[in-house]
Amino acid sequence: MQTQPANKTHKLYYSEDGSIIDISYDVLEHNYIVITQDEFDACNNKRDNYIVVENKLTFSPPKQRTWGLTQQELSRNPYVKS
């Protein structure tokens, strides 16, 4: 686990669409919010599941993908007679 240096804060840099660009102690040329150690720990490993909405870190897991196929549309389905 990473430890936070004394008197430094985690800066979460994000793009216009809210996706995370980087988390750093340094000052970069992007919009950023300051996050807590708990927020850092939560989003550091699953960065793609978080976005910034209205200057707040928000959990937004990817939407479940479904294919919408019926059994008859599966060409190699052994349970359907051809």
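As a starting point, this report considers the structure included with it. Keep in mind that what you see is a predicted model, and the values were worked out from it rather than measured. (Residues numbered from 1 in each chain as written. Predicted model: local features only at pLDDT ≥ 70, side-chain atom pairs only at ≥ 80, totals over all residues. Heavy atoms only, no water.)

**Some details on the packing of aromatic side chains**
Tallying each qualifying case throughout the model produces two aromatic pairs. On the numbers, 5.3 Å between centres and 50° between planes, the contact of Y13 with Y32 is tilted. Of the two residues, Y13 sits in strand β1 (residues 10-14) while Y32 sits in strand β3 (residues 31-35), which places them 19 residues apart along the sequence. (Phe/Tyr/Trp six-rings, centres within 6.5 Å; stacked < 30°, edge-to-face > 60°. Helix = DSSP H or I, 4+ residues; strand = E, 2+ residues; numbered from the N terminus.)

**Examining unusual backbone geometry**
Most peptide bonds adopt trans geometry, and most residues besides glycine take a negative phi value. With phi around 50°, E54 is a residue other than glycine that occupies positive phi space. Within the secondary structure, E54 sits in the loop between β4 (50-53) and β5 (56-59). The exposure class assigned to E54 is exposed, which follows from its relative accessible area of 74%. A positive phi angle, close to 60°, is found at N55, a residue other than glycine. For N55, the location among the structural elements is in the loop between β4 and β5. (Buried < 20%, exposed > 50% of the residue type's maximum accessible area, 1.4 Å probe, protein only.)

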